[in-house]
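Overview (structure and organization)
Here's the letter readout for the chains.
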Amino acid sequence: MKIRRFFRKYILPLILSLVLTSCFSDFEPDIESKPVLCMISNISDGDSIKVSLTHTWRWSEGKNEPWNYSNWATEGFESELLVKNALVKLYVNDEYTETLKLAKRKVYGNMGSDGMVLRPWEDYPWTTTGYVYYIAEYIPKCGDKIRLEAESDEYGSAWAEVTVPQTVEIDSVDYTISNFEDRNSTLSEFYIFDMNLSMWFSDPGNETNYYMFDTSSSGYFKGEDDQGIEYKESVTFRDETDDPLFTEHVSAIDHVLAETSGYSFFSDRQISGKSYPLHVRLEAVSYQIDNRLATPDMENSYISLILYSISPSYYRHVISVWAANDGIVGSLGDVGLAEPVFAASNVSTGAGVVSAFTKYEYKLYMRQLIESIEKESQQ
């Protein structure tokens, strides 16, 4: 890690200083460019299809401030780049299904001290830009081939196609516990420990498959028992998973000089048709129950292990983003010492990405886990 930071902080600026002069001037490249449609959608089985439609622009046009705050109270934040008068058609398995409708998210919450409207996290879906998008009534399912076609009088047409992947299940989960500490007090239960897990799944092997792994926590549960005594149950942890599959796209020089952490995407390049134990490392797992005087059913808190099956367009886009932002070639391209790296797109205009995913979730319930740990310690 120190080598990577040293390279980015000292070596790249030194190389740049050797090849460039100290004279700079602003100029406007005389390049003819026409704005085109940018289409973004991330489709999941069992959920409605939402499409964000914007357009490209020249940096010198001053559209790098995308949000319009003047009408936040009634309209929500809308990007100046949104295309709201387009015709967006949906085709499923090569058959026309419907024309999508324009939708707008409602505004919730109050104005914060920084001038931003405060909303819960679920009001920020990453698949949309702003709060205006196109939505379909059709609910996709695994195996569907989805084709989206957009037509705008001002920005022309765009289309993209993706197939919703099949769900790959988690077969089983094995784990070992270390650094277990029982910090119970008179009124609360509190446990902290580390976990090493083997999450087994089987790659279908009939075609090239792509995956993403993630973990989540059930968070906090509050309530009261039959006698009206309040209680709170919670679980937190730090995900330090670094399975070798996560860096299969990383070259030898990238391993030394580039940033490789923070990505959990991988293909079945090394495990096609095989059963594989993904190595999961969770540190500082903290499980707490406040007010032991209560007698509720304490089986709410859990840790989720989530295996996503993702479309090739999803995988290629994320890997290209890694190459541009964290890879050595992208770093050199930023200072003019290599060709620039652009984000991969499966949209006909080259702007945006239409992807798809399915997910399988495996839940580890904390009360059951603690009971099994205590039982083993007594044997």
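**Some remarks on the environment of Ala 351**
Along the chain, Ala 351 falls in the loop between α4 (328-334) and β19 (352-365). By relative accessible area, Ala 351 is classed as buried at 11%. Once the C-alpha coordinates of Ala 351 and His 55 are considered, the two residues, 296 residues apart in sequence, prove to be 8.3 Å apart. With residues up to four places along the chain from it excluded, the contact list for Ala 351 reads Leu 37, Cys 38, Met 39, Thr 56 and Ser 345.

**Quick notes on the packing of aromatic side chains**
Within this structure, the stated rule accounts for 14 aromatic pairs. Between Phe 246 and Phe 266, the aromatic rings sit 5.9 Å apart at their centres with planes inclined by 35°, giving tilted as the arrangement. On the criterion of sequence distance, the pair formed by Phe 246 in the loop between β15 (230-239) and α2 (252-257) and Phe 266 in strand β16 (residues 265-267) is long-range, its members being 20 residues apart. An aromatic cluster is built from Phe 201, Tyr 211, Phe 213, Phe 246, Phe 266 and Tyr 276, whose rings are joined through pairwise contacts. Seen from the ring of Trp 159, Arg 147 lies directly overhead, with NZ or CZ sitting 4.2 Å from the centre.

**Thoughts on helix α3 (residues 312-325)**
Residues spaced three or four apart along an α-helix face the same direction, because each turn holds 3.6 residues. Taking 1.5 Å per residue, 14 residues should reach 20 Å; α3 reaches 20 Å between its end C-alpha atoms and fits that length. Among all positions in α3, only Ser 313, Tyr 314, Tyr 315, Val 318, Ile 319, Ser 320, Trp 322 and Ala 324 are buried.

**Considering the environment of Pro 244**
The residue Pro 244 is located in the loop between β15 and α2 in this model. For Pro 244 and Leu 278, which are 34 residues apart along the polypeptide, the C-alpha to C-alpha distance reads 8.9 Å.

**Remarks on the side chain of Ser 313**
The residue Ser 313 is located in helix α3 in this model. A relative accessible area of 11% means that Ser 313 is categorised as buried. Only 2.9 Å separates the side chain of Ser 313 from the side chain of Ser 311, close enough to count as a polar contact.

**Examining the pattern of salt bridges**
Per the stated rule, a full pass over the model turns up 13 salt bridges. With its nearest N and O atoms 3.0 Å apart, the salt bridge here joins Lys 145 to Asp 94. In this pair, Lys 145 is assigned in strand β9 (residues 145-152) and Asp 94 in the loop between β5 (87-92) and β6 (95-99), connecting sequence segments 51 residues apart. Residue class for Lys 145 comes out partly exposed when judged on its relative accessible area of 25%. Exposure remark for Asp 94: the relative accessible area of 56% places this residue in the exposed category. One network of salt bridges, with partners in common, ties together Arg 238, Glu 240, Asp 242, Arg 281 and Glu 283.

**Some details on helix α5 (residues 366-378)**
Counted at 1.5 Å a residue, the expected span for α5 with its 13 residues is 18 Å, and the 19 Å between its end C-alpha atoms agrees. Within α5, burial applies to Met 366, Arg 367, Leu 369, Ile 370 and Ile 373. Axial view of α5: buried residues confined to an arc of 165°, hence all on one face. Every exposed residue of α5 that faces more than 90 degrees away from the buried side is listed here: Lys 375, Glu 376 and Gln 378.

**Focus on the pairing of β5**
The pairing of β5 with β9 spans six bridges and is antiparallel. Paired with Leu 87 across the bridge in β9 is Glu 151. Pairing analysis gives four bridges linking β5 to β6, with the strands arranged antiparallel. The residue of β6 that forms the bridge with Val 92 is Glu 95. In this structure, the hairpin formed by β5 and β6 is closed by a connection of two residues, where Asn 93 is found at a positive phi of approximately 55°.

**Structural notes on the confidence of the model for the protein chain**
Residues with a pLDDT of 70 or more make up 69% of the protein chain, whose mean pLDDT is 79. Residue range residues 64-77 is modelled with pLDDT below 50. Its contacts to residues more than four positions away, or to other chains, number 30 contacts. Here residues 107-130 scores under 50 on pLDDT; set against residues more than four positions off or in separate chains, the count is 48 contacts.

**What about the side chain of Ser 41?**
You can see Ser 41 is positioned in strand β1 (residues 37-44). On the basis of relative accessible area, Ser 41 is assigned to the buried category, the value being 2%. In this structure the side chain of Ser 41 is engaged in a polar contact, spanning 2.7 Å, whose partner is the backbone oxygen of Lys 50. Beyond its immediate sequence surroundings of up to four residues, Ser 41 is in contact with Ile 49, Lys 50, Val 51, Leu 148, Val 353, Val 354 and Ser 355.

**A look at the sheet that holds strand β10 (residues 156-163)**
The sheet built from four strands is open, its strands ordered β6-β5-β9-β10 with antiparallel pairing. Looking at strand neighbours, the two that pair on one side only are β6 and β10, the edges of this open sheet. Ignoring which end each strand starts from, the neighbouring axes of this sheet average 20° apart.

**Comments concerning the sheet that holds strand β11 (residues 170-182)**
Hydrogen bonds between backbone atoms are what pair the strands of a sheet, whose relative direction is either parallel or antiparallel. Here five strands make up an open sheet; going across it, the order is β11-β12-β17-β15-β14 and the pairing antiparallel. Sheet topology places β11 and β14 (220-224) at the edges, where each strand pairs with a single neighbour. When the angles between neighbouring strand axes are averaged without regard to direction, this sheet yields 20°. When strand β12 (residues 188-202) meets strand β17 (residues 275-290), the two strands line up antiparallel, connected through 14 bridges. Along β17, the bridge assignment pairs Phe 201 with Tyr 276. Contacts between α5 and the sheet are confined to β11, β12, β15 and β17, with β12 contributing the most and set at about 100° to the helix.

Calculation rules
- Residues numbered from 1 in each chain as written.
- Predicted model: local features only at pLDDT ≥ 70, side-chain atom pairs only at ≥ 80, totals over all residues.
- Heavy atoms only, no water.
- Helix = DSSP H or I, 4+ residues; strand = E, 2+ residues; numbered from the N terminus.
- Buried < 20%, exposed > 50% of the residue type's maximum accessible area, 1.4 Å probe, protein only.
- Contact = heavy atoms within 4.5 Å.
- Phe/Tyr/Trp six-rings, centres within 6.5 Å; stacked < 30°, edge-to-face > 60°.
- Lys NZ or Arg CZ within 6 Å of the ring centre and 35° of its normal.
- Expected span 1.5 Å × (residues − 1).
- Polar contact = N/O pair within 3.5 Å; in protein donor to acceptor, adjacent residues only side chain to side chain.
- Salt bridge = Lys/Arg side-chain N within 4 Å of Asp/Glu carboxyl O.
- Arc of directions from axis to C-beta.
- Pairing = 2+ DSSP bridges.
- pLDDT = per-residue confidence, 0-100.
- Axes fitted to C-alpha atoms, helices over the stretch in contact; angles between N-to-C directions.

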